[in-house]
Amino acid sequence: MARRRDYDMAVIGGGLLGSAIGWGLARAGQRVAVLDEGDVAYRASRGNFALVWVQSKGLGMPEYAAWTRRSSDRWAELAQLLKDETGLDVAFTRSGGFHLCLSEAELERRAQMLMRLHNQPRMVNYPYEMLEREGVRNMLPEIGPEVVGGSYCPLDGHCNSLRLLRALHTAMQARGAAYLANHIVQGIDYRGGGFRLATAAGEVRAGKIVLAAGNGNARLAPMVRLSAPVRPQRGQIVVTERVRPFLAHPVVTVRQTDEGSVMLGDSVEEAGWDDTVGNGVIAAIADRAARMFPLLGRLNIVRSWAALRVMTADGFPIYDQSDDCPGAFVATCHSGVTLAANHALELAPMIAAGRLHPALDVFSARRFDVPKAGRA
Ligand SMILES: Cc1cc2nc3c(=O)[nH]c(=O)nc-3n(C[C@H](O)[C@H](O)[C@H](O)COP(=O)(O)OP(=O)(O)OC[C@H]3O[C@@H](n4cnc5c(N)ncnc54)[C@H](O)[C@@H]3O)c2cc1C
């Protein structure tokens, strides 16, 4: 028989966004349920590259650069809190990271892009350097002869993102949040100041809801008079066998994990809901990585996979609240590892208090309505 349950807050989606927000809400004293799909789900949170990355974020929206920097600044605190609450070490290091270039033309394009980014009005100040080959080699001694230089940002880092997801789930449940697997939300009804979520496993009621369903947000948002125009964007990743420590700083497409294997990535492909692995793409990823670090060419590839990013038209996040259904919020982004600290420690307390801070207005999906209005 269908069951009915009541909560202060229901979070739809148990990926990195839903679990970070769910944990943050539970820390704020809310009675939380997190509703999630079963194992058939597409989950960006189980297939990402695990960078906590600042450099190059925010061209076209300087507020996003500031939001990213803020999360990066709070990441050590996030990792420590999760360790204190769960005993799990998410292996966060902020060692500084690189974007490497394999030709003078690439290096020039990179320098121009970062200059445009940092010259934007209202741009948050953060350090970065363009380095010639020798400067890179001082910090990454194993680079190959084709590397001509790159950009370096001391704020960049990485973590073990599968462990991050596990730690967030463990922490939120330890604080009393109910994790409801196999609860695909099919309909949302706003009635009498509260929300009724229809699932095949029964109705769930909540005073407030957060849509954190990744690409599923596009379908759910209109049910509470919100909009979340996101699309799946495929990324493929390759993992090598374990090797001695050789890479003290993550590179945007090559990083050595805390367990010794090396992750190579990650492609950017518009393939709709297709998350199959393509051998041509994998070969191209491996080839470029081996040109950066020749020792990689001698390692066995042990795994590869494809996962679907959650992408908006401009690449920036959506954080919004519904005017017509007060208490309904939406959160979606394509850098859910990097922004996990903000989601747990900044966004969740705002949602618990019932109102997003006006500084987040810039992330409203209403920004996508502007061109339409212009054409009218
Ligand atoms: C290849 C790749 C590399 C990446 N690299 C990085 C990186 O280095 N650094 C970084 O910061 N980010 C990275 N990302 C992005 C990051 O992984 C995502 O931003 C993040 O995982 C998104 O989390 P999410 O919770 O929004 O979505 P998801 O992980 O997709 O989770 C959404 C959840 O919602 C559930 N759901 C959907 N519809 C419903 C419904 N109707 N009812 C109930 N549940 C529902 C799904 O089952 C799923 O569990 C990468 C992503 C990819 C694909």
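As the structure is a prediction and not an experimental result, all values here were calculated from the model. (Residues numbered from 1 in each chain as written. Predicted model: local features only at pLDDT ≥ 70, side-chain atom pairs only at ≥ 80, totals over all residues. Heavy atoms only, no water.)

As a further point, take the nonpolar core. If you look at the biggest cluster of nonpolar residues, it comprises 53 residues, and the most contacted ones within it are Trp23, Leu25, Trp75, Leu78, Leu82, Leu164 and Ile351. In terms of residues, this core owes the most to one element, helix α8 (residues 340-353), which gives nine residues. What Leu25 contacts, discounting residues up to four positions off in sequence, is Met9, Val11, Gln30, Val32, Val210, Ala348, Ile351 and Ala352. (Core = buried A, V, L, I, M, F, W, Y, C linked by side-chain atoms within 4.5 Å. Buried < 20%, exposed > 50% of the residue type's maximum accessible area, 1.4 Å probe, protein only. Helix = DSSP H or I, 4+ residues; strand = E, 2+ residues; numbered from the N terminus. Contact = heavy atoms within 4.5 Å.)

Consider a sheet: its strands pair through backbone hydrogen bonds, and that pairing is either parallel or antiparallel. Strands sit in the order β13-β14-β12-β15 across an open sheet of four strands; the sheet is antiparallel. With one partner strand each, in any of the chains shown, β13 (254-256) and β15 (301-312) form the two edges of the open sheet. Averaged over all pairs of adjacent strands, the angle between their axes in this sheet comes to 25°, without regard to strand direction. Direction of pairing for β13 relative to strand β14 (residues 262-264): antiparallel, over a ladder of three bridges. Residue pairing in the sheet places Gln256 in a bridge with Val262 of β14. (Pairing = 2+ DSSP bridges. Axes fitted to C-alpha atoms, helices over the stretch in contact; angles between N-to-C directions.)

This part takes up helix α2 (residues 62-86). For α2, built from 25 residues, the straight-helix expectation of 36 Å at 1.5 Å per residue is met to within 8% by its first-to-last C-alpha distance of 35 Å. Taken as a whole, α2 carries its principal kink of about 45° at Arg74. Once α2 finishes, Gly87 follows within two positions and takes phi at roughly 80°, a positive value. (Expected span 1.5 Å × (residues − 1). Bend = angle between axes of the 7 residues up to and from the residue.)

Another point: the side chain of Ser72. When you line up the elements, Ser72 lands in helix α2. Since its relative accessible area comes to 2%, Ser72 is described here as buried. Residues in contact with Ser72, not counting those within four places in the same chain, are Val54, Arg94 and Leu155.

Now for unusual backbone geometry. A positive phi is found at Arg122, a non-glycine position, where the angle reads about 70°. Along the chain, the position of Arg122 falls in the loop between α3 (104-118) and β5 (129-132). Its relative accessible area of 63% is what places Arg122 among the exposed residues. A positive phi angle is found at Arg225, which is not glycine, with a value near 55°.

Let us now look at the packing of aromatic side chains. Evaluated as defined, the whole model comprises eight aromatic pairs. Ring centres of Tyr319 and Phe363 lie 5.4 Å apart, and the angle between their planes is 85°; on these two criteria the pair is classed as edge-to-face. Of this pair, Tyr319 sits in strand β16 (residues 318-321) while Phe363 sits in the loop between α8 and α9 (370-375), and the two are 44 residues apart along the sequence. By relative accessible area, which is 2% here, Phe363 ends up buried. (Phe/Tyr/Trp six-rings, centres within 6.5 Å; stacked < 30°, edge-to-face > 60°.)

What follows covers the packing of α2 against helix α5 (residues 161-174). Relative to each other, α2 and α5 sit at 55°, their axes nearing to 10 Å. Taken together, the axes of α2 and α5 lie oblique to each other. Between α2 and α5 lies a crossing of left-handed hand. Where α2 abuts α5, its residues Trp75, Leu78, Leu82, Glu85 and Thr86 lie against Leu164, Ala167, Leu168, Thr170 and Ala171. (Parallel < 35°, antiparallel > 145°, perpendicular 65-115°, else oblique. Left-handed = near helix turned anticlockwise from the far one by under 90°.)

Moving on to the site of the ligand. Around the ligand, 38 residues are found, and the nearest of them are Asp36, Ser45, Val185, Gly336 and Thr338. Between Ser335 and the ligand, the recorded distance is 3.4 Å, taken from a backbone N or O atom to an oxygen atom. Residue Thr338 places a main-chain N or O atom 2.8 Å away from an oxygen atom belonging to the ligand. When isolated, the ligand has an accessible area of 1000 Å², and the protein chains bury 96% of it. Elements with a minimum of two residues in the shell around the ligand: α1 (16-27), α6 (217-220), β12 (230-240) and β15. It is β15 that provides the largest number of residues to the shell around the ligand, a total of three residues. The residue inventory of the shell around the ligand, partitioned by class, reads 19 nonpolar, 13 polar and six charged. (Near = heavy atom within 4 Å. Polar contact = N/O pair within 3.5 Å; in protein donor to acceptor, adjacent residues only side chain to side chain. Areas by Shrake-Rupley, 256 points an atom, 1.4 Å probe, with all protein chains shown as cover. Nonpolar A, V, L, I, M, F, W, Y, C, P; charged D, E, K, R; others polar.)

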